Amino acid sequence: MNAVAAEWIKLRTLRSTWWALGVGVLTALALTALGASTVISRWEPGQTGEQAAMGIVVAVYVGVVLAQLPLGMLGTMSISGEYTSGMIHTTFVATPSRSRVLLAKACVLGGIAIAASLLIAIPGYLYGHVVASGFDPTLPPAGAWAVIGGGTLMIAMTTMLGLSLGAIFRNGVVAISVLVVLMVLVPFAGRMLPGGEVVNRILPGYPALQLTEQMPDIMPDEAAFAVLGAWSVIPLLIAVLANKRVS
Amino acid sequence: MDMIEVIGLTRRFGQSAAVDDLSFTVTPGKITGFLGPNGAGKTTTMRIVLGLDRPTSGRATVNGVPYRALDRPLTHVGALLDASAVQGGRCAEQHLQWLARSNGISRTRIGGLLELVGLGEAGRKRVGGFSLGMKQRLGLAAALLGDPEVLLLDEPLNGLDPEGIRWMRGLLKSLAAEGRTVLVSSHLMHEMAVTADHLIVIGRGRLLADTEITQFVRPGMSLEDTFMKVIEGSAS
Ligand SMILES: Nc1ncnc2c1ncn2[C@@H]1O[C@H](COP(=O)(O)OP(=O)(O)OP(=O)(O)O)[C@@H](O)[C@H]1O
Ligand SMILES: [Mg+2]
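Since this is a predicted model, take the numbers as computed values, not measurements.

Cut-offs and rules
- Residues numbered from 1 in each chain as written.
- Chains lettered and ligands numbered in written order.
- Predicted model: local features only at pLDDT ≥ 70, side-chain atom pairs only at ≥ 80, totals over all residues.
- Heavy atoms only, no water.
- Helix = DSSP H or I, 4+ residues; strand = E, 2+ residues; numbered from the N terminus.
- Rg over C-alpha atoms; globule rule 2.2 N^0.38 Å.
- Buried < 20%, exposed > 50% of the residue type's maximum accessible area, 1.4 Å probe, protein only.
- Contact = heavy atoms within 4.5 Å.
- Patch = residues over 30% accessible without salt bridge, like charges linked within 9 Å, V, L, I, M, F, W, Y side chains within 5 Å.
- Areas by Shrake-Rupley, 256 points an atom, 1.4 Å probe, with all protein chains shown as cover.
- Salt bridge = Lys/Arg side-chain N within 4 Å of Asp/Glu carboxyl O.
- Buried area = accessible area lost by both parts, 1.4 Å probe.
- Polar contact = N/O pair within 3.5 Å; in protein donor to acceptor, adjacent residues only side chain to side chain.
- Axes fitted to C-alpha atoms, helices over the stretch in contact; angles between N-to-C directions.
- Parallel < 35°, antiparallel > 145°, perpendicular 65-115°, else oblique.
- Left-handed = near helix turned anticlockwise from the far one by under 90°.
- Pairing = 2+ DSSP bridges.
- Near = heavy atom within 4 Å.
- Nonpolar A, V, L, I, M, F, W, Y, C, P; charged D, E, K, R; others polar.
- Phe/Tyr/Trp six-rings, centres within 6.5 Å; stacked < 30°, edge-to-face > 60°.
- Lys NZ or Arg CZ within 6 Å of the ring centre and 35° of its normal.

Draft legend 1. Broad picture of the overall build of chain B. For chain B, the count of helices and strands is eight helices and nine strands. Compactness check: chain B gives a C-alpha radius of gyration of 18 Å against a globular reference of 18 Å for 236 residues, within 12% of the reference. In terms of principal-axis extent, the alpha carbons of chain B reach across some 50 × 40 × 35 Å. Taken over 236 residues, chain B has a buried fraction of 56%. In chain B, once contacts between residues fewer than 6 apart in sequence are set aside, the share between residues at least 24 apart is 68%.

Draft legend 2. Up close: a nonpolar patch on the surface. Residue and element names in this part refer to chain A. On the surface, a nonpolar cluster with roughly 350 Å² of combined accessible area is contributed by L31, L34, V62 and L66. For the nonpolar patch, the elements supplying multiple residues, two or more each, are α2 (15–41) and α3 (49–66). For L31, a relative accessible area of 44% corresponds to the partly exposed category.

Draft legend 3. A look at the interface of chain B and chain A. Every contact between the two is made by 28 residues of chain B and, on the other side, 25 residues of chain A. Of the roughly 2,400 Å² buried at the junction of chain B and chain A (both faces included), carbon and sulfur atoms supply 58%. Three residues stand out in chain B for area buried against chain A, namely L52(B), Q87(B) and W98(B), and they jointly supply 27% of the buried area on that side. Linking chain B with chain A are zero salt bridges. The tally of links between chain B and chain A comes to seven residue pairs in polar contact (both at pLDDT 80 or more). The leading source of residues in the side of chain B that touches chain A is helix α2 (residues 92–102) of chain B, at seven residues.

Draft legend 4. Region of interest: the packing of helix α3 (residues 109–116) of chain B against helix α4 (residues 132–144) of chain B. Residues and elements named next belong to chain B. Relative to each other, α3 and α4 sit at 135°, their axes nearing to 9 Å. It follows from the interaxial angle that α3 and α4 lie oblique. Judged by the sense of rotation from one axis to the other, the crossing of α3 with α4 is right-handed. Counted together, R109, L113, L114 and L116 of α3 and L138, A141 and L144 of α4 form the full contact between these two elements.

Draft legend 5. Region of interest: the sheet that holds strand β1 (residues 4–13) of chain B. Residue and element names in this part refer to chain B. Read from one edge of the open sheet, three strands run β2-β1-β4, paired in antiparallel fashion. Among the strands making up the open sheet, the edge pair consists of β2 (16–26) and β4 (57–62). Between one strand axis and the next, the sheet turns by 20° as a mean value, whatever way the strands run. As paired strands, β1 and β4 are joined by five bridges and run antiparallel to one another. What sits directly across from T10, in β4, is S57. Those strands touched by helix α1 (residues 42–49) are β1, β2 and β4, and its axis lies near 115° from that of β1.

Draft legend 6. Layout of the pattern of salt bridges. What the rule picks out here adds up to 13 salt bridges over all chains. The shortest N-O distance in the salt bridge between R180(B) and E178(B) comes to 2.5 Å. Under the relative-accessibility criterion, R180(B) is labelled buried at 14%. One network of salt bridges, with partners in common, ties together E7(A), K10(A), E82(A) and K105(A).

Draft legend 7. View of the site of ligand 1. Residues and elements named next belong to chain B. In the neighbourhood of ligand 1, the contacting residues comprise F13, A18, P37, N38, G39, A40, G41, K42, T43, T44, E155 and H187. The contact in question runs from an oxygen atom of ligand 1 to an N or O atom on the backbone of A40, over 3.2 Å. Relative to its unbound accessible area of 640 Å², ligand 1 is 57% covered by the protein chains. If you tally residues by element for the shell around ligand 1, the top one is α1, at three residues. Across the shell around ligand 1, the residue classes tally to four nonpolar, six polar and two charged.

Draft legend 8. Up close: the sheet that holds strand β6 (residues 150–154) of chain B. Residues and elements named next belong to chain B. Within the open sheet, the six strands sit side by side as β5-β6-β7-β3-β8-β9. Their pairing is mixed. With partners counted over all chains shown, the strands left at the sheet margins are β5 (77–80) and β9 (206–212), one partner each. Here the average twist between neighbouring strands, direction ignored, is 15°. Alignment of β5 against β6, held across four bridges, turns out to be parallel. Paired with G78 across the bridge in β6 is L151. Packing of helix α8 (residues 223–235) onto the sheet brings it into contact with β3 (30–35), β8 (198–203) and β9, and relative to β8 it is tilted by some 35°.

Draft legend 9. Structural context of the pairing of β3(B). All names here are of chain B. β3 sits mainly inside the fold: six of its six residues count as buried. Of the two faces of β3, the one holding K30, T32 and F34 and the one holding I31, G33 and L35 are both buried throughout. In this sheet, strand β7 (residues 181–185) lies alongside β3 in parallel orientation, the contact comprising five bridges. Counted as the bridge partner of F34 is S185 from β7. In the sheet, β3 pairs with β8 via four bridges, with the strands oriented parallel.

Draft legend 10. Structural context of the packing of aromatic side chains. Within the structure shown, the criterion is met by one aromatic pair over all chains. The ring of W98(B) has K10(A) sitting right over it, with the charged end atom 4.2 Å from the ring centre. The side chain of R98(A) reaches across the aromatic face of F92(A), ending 4.3 Å from its centre.

Function cannot be inferred from these measures alone, as they are strictly geometric.
Structural data, given as structure tokens:
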């Protein structure tokens, strides 16, 4: 617990944390508002209240997923900054268990990612409700939970992946480049190649888009959640092992 | 049992041994100077004691156990290695806050410690703007945070002004007088001559001397001269 509290102090006392969060949340909110208005203005008048509620949730979680890269970078910087400055040695003197340090960072960042997703989703949802008031939206239907869960897991996963890559490469520029390649370039290239379907299934991007109803289903939702979960946990385990290496 | 013990310690980097079958014990109640030319293996030894590096063979213990086995280690051991290895974006107070929290140490100590090391005015300033001497003082505050019975200080005098050096001498003496174990490395022989009670001298990773300073210094010679002789003698 001490380690988690210490990591939280470290993160909140760096200005770059608030910049990353501010940029991520504000751009996502702006785009959510724009996107929701556009989508809602195109709805057929016959939408039921339930369809409208679902539509708002879907529009909002597109926005949430947009904030993933700044959060992934925050994850990376939370450890690569310590390696660059050499302060990681002070951290390891204070908390000799390196896996405990990494897991403490993961807890704090996971919490921040979920908080950020709510900071985008809740105002976005309320805004969507106002814009779509003509359709009398109900409370979100049961089907909305996959969207909410998928979007939240996606942003948390990217944050964890950023942290893991930072811990593995110990260099911010390298780690962020790999993050962008994994999250943006490989899925993009994968879609063009023959067999891209398979690549899509095992990369984190498509499962998240499927869960947030942006792409047609190519796998059961459970499988999509499992892929996202694996991308949050497996790189972290690799990072724990890589951190046992002495520096 | 407030001791640092190094037992048959060897650390190789590739072919060459930075620390070579080194054994010594640092005991409480006095200041032990850790001397040796550049590259002798002082920092490597201290890093291994702190669990930052693993020995090729042999071991090091603090209070009888490996460093990594200590619970809330900062309350037992205070260390100052590379004072400039801090993130510049935080202010001095915030740096000490996370460090205290990591070991469940009350943050009420922070203000007094910053006063003690002469950073009372600079506590709210960003560490990035600190001079080397100010970082050294912050590092010392960090080392004292947990009121530890054992201190490992790697060249703590670097960057300190004359007033700072004199102040450090007094502080180290009072810490030792309180019964703490104090291991200090330095290249400043004149300073060590008036500060240290005991000396551990190493060269090329090997132990050259482990003795009271009064026994080490040869009659009619300064500590510096004796040190040079011992180093030359070991090289031939
Ligand atoms: N990570 C490393 N990789 C390779 N060699 C290393 C590493 N760390 C230390 N060494 C080597 O180990 C030897 C001892 O270095 P160390 O830093 O312990 O010396 P020192 O006594 O602290 O010297 P100084 O007085 O200059 O600080 C040196 O030859 C150094 O080059
Ligand atoms: Mg050194």
